[in-house]
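For reference, the chains in residue letters:
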Amino acid sequence: MTYLFISDLHLSPDHPRLVRGFFALLKEYQHQQTQLYILGDWFNAWIGDDYTAPWLDEIVTALQHFHAAGNQVYFQVGNRDFALGQKFLDQFQGILLPDSHVLEINQLKFRLEHGDALCTDDIGYQRFKKVIRNPLVLGFLRKTPLSFRTKLANGFRKKSHAAQQFKSYEVMDVNSQAVTQALANVDILIHGHTHRAAIHEQEGKKRIVLGDWKEDSAQILVIDPQQQDLILKLSTFNY
């Protein structure tokens, strides 16, 4: 069994190289009995599970083959694809995880999350998240036409990009107290969102930050539980 953790792929039809990179990853781990955990921002934007397109159909087909080979896909929503639900994942027997999830490997407890909830100093974003992730708001949006949701998603992306130009790296990074709370009952925290791949030590515990996907490579975490001592390090996957 292999545990594979990735995040922040930001797949879209505008960046076919990233999509091909994802296909290459599935092919690389297809015959390793892989548990694939995607910790948010899988897609650059998600306007609803009723959206279809040829590029997305190819991804679904690849994931169906991946599952048929004996592998399992788990997904946590990110700030770009928070509207992605179980309906989409059902096409390849994927499993939707809650915003935070605890996984145990060799008696070590890993907390998994996207990472945006840890950025508590970004008050503006946290307020926006509270509104847009409200079940009533999400329910309303899912009933609107796809064309409206597409325009809305494009508008959100532009506003987000503009807002980031005026925010410091410290504001957009994780808050130390929030990390301490997240690590309270686990040994290791794994998250993405900040695009700053690294392994940090905090109070004798580890925080592993997954990197975003570039045009030719990605920082991923692979865990082989057969190892007597788990060696935790980020690996570079080239495609």
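Parameters at a glance
- Residues numbered from 1 in each chain as written.
- Predicted model: local features only at pLDDT ≥ 70, side-chain atom pairs only at ≥ 80, totals over all residues.
- Heavy atoms only, no water.
- 1 Å grid on protein atoms, 1.4 Å probe; cavity = no way out; pocket = protein on both sides within 12 Å on 5 of 7 lines; lining within 4 Å.
- Points joined across faces, edges and corners; volume = space filled by probe spheres on them.
- Helix = DSSP H or I, 4+ residues; strand = E, 2+ residues; numbered from the N terminus.
- Nonpolar A, V, L, I, M, F, W, Y, C, P; charged D, E, K, R; others polar.
- Pairing = 2+ DSSP bridges.
- Axes fitted to C-alpha atoms, helices over the stretch in contact; angles between N-to-C directions.
- Expected span 1.5 Å × (residues − 1).
- Buried < 20%, exposed > 50% of the residue type's maximum accessible area, 1.4 Å probe, protein only.
- Arc of directions from axis to C-beta.
- UniProt positions renumbered as here; feature names shortened; annotations may be inferred.
- Contact = heavy atoms within 4.5 Å.
- Salt bridge = Lys/Arg side-chain N within 4 Å of Asp/Glu carboxyl O.
- Phe/Tyr/Trp six-rings, centres within 6.5 Å; stacked < 30°, edge-to-face > 60°.

### A short note on the layout of surface pockets
For step 1, the next point in the chain: Here the second largest pocket is characterised by a volume of approximately 260 Å³.
For step 2, the next point in the chain: In terms of lining, the second largest pocket is formed by 14 residues, of which the most central are Pro-13, Ala-45, Tyr-51, Trp-55 and Arg-157.
For step 3, the next point in the chain: It is helix α6 (residues 146–164) that provides the largest number of residues to the lining of the second largest pocket, a total of 4 residues.
For step 4, the next point in the chain: Partitioning the lining of the second largest pocket into residue classes produces 8 nonpolar, 4 polar and 2 charged.

### A look at the sheet that holds strand β8 (residues 198–202)
For step 1, the next point in the chain: On the basis of which strands lie adjacent, the open sheet formed by 5 strands has the order β5-β6-β7-β9-β8 and mixed pairing. The open sheet is flanked by β5 (100–105) and β8, the only strands paired with a single partner. Sheet twist, expressed as the average angle between the axes of neighbouring strands with direction ignored, equals 20 degrees.
For step 2, the next point in the chain: As paired elements, β5 and strand β6 (residues 108–113) share 6 bridges and run antiparallel to each other. Opposite His-101, over in β6, you have Leu-112 as the bridge partner.

### Considerations on helix α2 (residues 54–68)
For step 1, the next point in the chain: In a regular helix each residue adds 1.5 Å, so 15 residues correspond to 21 Å; α2 covers 21 Å between its end C-alpha atoms and thus fits that length.
For step 2, the next point in the chain: Along α2, the residues that are buried comprise Trp-55, Leu-56, Ile-59, Val-60, Ala-62, Leu-63 and Phe-66. Here the buried residues of α2 occupy an arc of 165 degrees about the axis, which is enough to place them on one side. Facing away from the buried side of α2 by over 90 degrees, the exposed positions are Pro-54, His-65 and Ala-68.
For step 3, the next point in the chain: A positive phi of about 100 degrees marks Gly-70, the residue just after α2.

### Topic: the UniProt feature "binding site: Mn(2+) 1" (unreviewed entry) in the chain
For step 1, the next point in the chain: As recorded in UniProt, the feature "binding site: Mn(2+) 1" (unreviewed entry) lies at Asp-8, His-10, Asp-41 and His-195. What stands out for the annotated residues spanning 188 residues is how close their C-alpha atoms remain, the widest pair being 11.3 Å apart.
For step 2, the next point in the chain: With respect to the secondary-structure elements, Asp-41 resides in the loop between β2 (34–39) and α2.
For step 3, the next point in the chain: With near-sequence residues (within four places) excluded, Asp-41 lies in contact with Asp-8, Leu-9, His-10, Gly-78, Asn-79, Arg-80, Asp-81 and His-114.

### Notes on the pattern of salt bridges
For step 1, the next point in the chain: Throughout the structure, instances matching the rule amount to 7 salt bridges.
For step 2, the next point in the chain: Here Asp-116 ties to Lys-129 by a salt bridge, and the two come within 3.4 Å at their closest N and O atoms. Taken as a pair, Asp-116 in the loop between β6 and α4 (123–132) and Lys-129 in helix α4 lie far apart in primary sequence, 13 residues in all.
For step 3, the next point in the chain: Residue classification places Lys-129 among the buried residues on the basis of a relative accessible area of 15%.
For step 4, the next point in the chain: Asp-173 serves as the salt-bridge partner of Arg-196, at 2.9 Å between the closest nitrogen and oxygen.

### Brief notes about the packing of aromatic side chains
For step 1, the next point in the chain: Applying the stated rule across the entire model yields 14 aromatic pairs.
For step 2, the next point in the chain: Aromatic side chains Tyr-37 and Tyr-74 sit 4.5 Å apart centroid to centroid with 10 degrees between the ring planes, which places their arrangement in the stacked category. In this pair, Tyr-37 is assigned in strand β2 and Tyr-74 in strand β3 (residues 72–76), connecting sequence segments 37 residues apart.
For step 3, the next point in the chain: For the pair Phe-88 and Phe-92, a centre-to-centre distance of 5.6 Å together with 80 degrees between the ring planes defines the contact as edge-to-face. In terms of burial, Phe-88 and Phe-92 fall into one category: buried.
For step 4, the next point in the chain: Connected via pairs of aromatic rings, a cluster forms that spans Phe-22, Trp-42, Phe-43, Trp-46, Trp-55, Phe-75, Phe-88 and Phe-92.

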